[in-house]
Amino acid sequence: MNFVNKYISQLSFVVLIIIWQLGVTAFAVPEYILPSPTSIVYTLITNIKLIAIHTSYTLFEAVLGILIAIVLGVLSAIVLYRYQTLNRIFMPYINILQTIPAIVIAPLFAMWFGFGLFPKVLLIVIFCSFPIVVSTVSSFSQVDSESILYLKSLNCNDFHLFKHLYLPAASKSIFASIKISTTYSLVNAIFAEYMGAKYGLGVYLNKASSSFSTPDVFAIIIVIIVVTLSLLKIVDKIETKVIRWD
């Protein structure tokens, strides 16, 4: 019983796969409507080299974009919090831009900047930096005022305040927003590749859907899930190294 309770999530997943396989086989569901798990696994194994090539391109775009977004997001949050006039000017625009779907902006970037690496990374940076900026600025505003006064009484300048007080206090919120942005990065990269590219999961997915190759579509969905969860796991590892307090 303890074993079941411990691994209930994994066991339920296995049961779901078995039901899926049996249901598709028993009712003779056409593959273009719903492929069986074995068909999806076969597609993954058969096209593993091609999928790996496309995945590497998308992963590079996503990782590069999220790294730039983290640096830009945190620095922008510091500037916006430090200079409230800039905050009042730019924060409304940041909130408005968050409401615009990436799939609407991606075609514009393709028309303006072409189909190379730059527009894809730019799209990721813009949409992934928004959550980081908003969350970080909000966390800065919640820092204990007594701690601020204490450090100022020790003649700490703005650099030391942010280094020793604001950033440590906001670290959990920053990492939470990074996790959100990490999931956005891969999705935005795929959107950008849909608009035009030679390689990438978006290109592979577009070709698969155009040819009604449903097993390939499901295979890419699995790859996206695995890659995203792997990136989130890396962020968790970094968070445990950086944050050493409750």
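Placed above this text is the structure.
Residues numbered from 1 in each chain as written. Predicted model: local features only at pLDDT ≥ 70, side-chain atom pairs only at ≥ 80, totals over all residues. Heavy atoms only, no water.

**Q** Go over the environment of L97, please, and point to the residues and values.
**A** Here L97 is to be found in helix α5 (residues 84–98). Assessed through its relative accessible area of 37%, L97 is described here as partly exposed. Along the primary structure L97 and L122 are separated by 25 residues, whereas in three dimensions their C-alpha atoms are 14 Å apart. If near-sequence neighbours (up to four positions away) are discounted, L97 is found in contact with F127 and F130. (Helix = DSSP H or I, 4+ residues; strand = E, 2+ residues; numbered from the N terminus. Buried < 20%, exposed > 50% of the residue type's maximum accessible area, 1.4 Å probe, protein only. Contact = heavy atoms within 4.5 Å.)

**Q** Report on the packing of helix α4 (residues 48–82) against helix α11 (residues 214–242), specifying residues and quantitative values.
**A** At a closest axis distance of 12 Å, the pairing of α4 and α11 adopts a crossing angle of 40°. In this view, α4 runs oblique relative to α11, as classed from their interaxial angle. Both α4 and α11 take part in a crossing whose hand is right-handed. On α11, the residues that touch I51, T55, L59 and V63 of α4 are I220, V223, V227 and L231. Of the residues that constitute the contact of α4 with α11, the class distribution is seven nonpolar, one polar and no charged. (Axes fitted to C-alpha atoms, helices over the stretch in contact; angles between N-to-C directions. Parallel < 35°, antiparallel > 145°, perpendicular 65-115°, else oblique. Left-handed = near helix turned anticlockwise from the far one by under 90°. Nonpolar A, V, L, I, M, F, W, Y, C, P; charged D, E, K, R; others polar.)

**Q** Before we move on, can you summarise helix α2 (residues 8–26) with the specific residues and values?
**A** With 19 residues, α2 should reach 27 Å at 1.5 Å per residue; the first-to-last C-alpha distance of 26 Å fits that figure. In the segment just after α2, A28 is the residue with positive phi, at about 50°. (Expected span 1.5 Å × (residues − 1).)

**Q** Give a description of the packing of aromatic side chains that names residues and reports values.
**A** Each aromatic ring pair is specified by the distance between its two centres and by the angle formed by the two planes. Overall, the coordinates contain 13 aromatic pairs when judged by the stated rule. Ring pairs connect the aromatic residues Y81, F140, F162 and Y166, which therefore count as one cluster. One Lys or Arg, R82, reaches over the ring of Y83 and ends 5.0 Å from the middle of that ring. (Phe/Tyr/Trp six-rings, centres within 6.5 Å; stacked < 30°, edge-to-face > 60°. Lys NZ or Arg CZ within 6 Å of the ring centre and 35° of its normal.)

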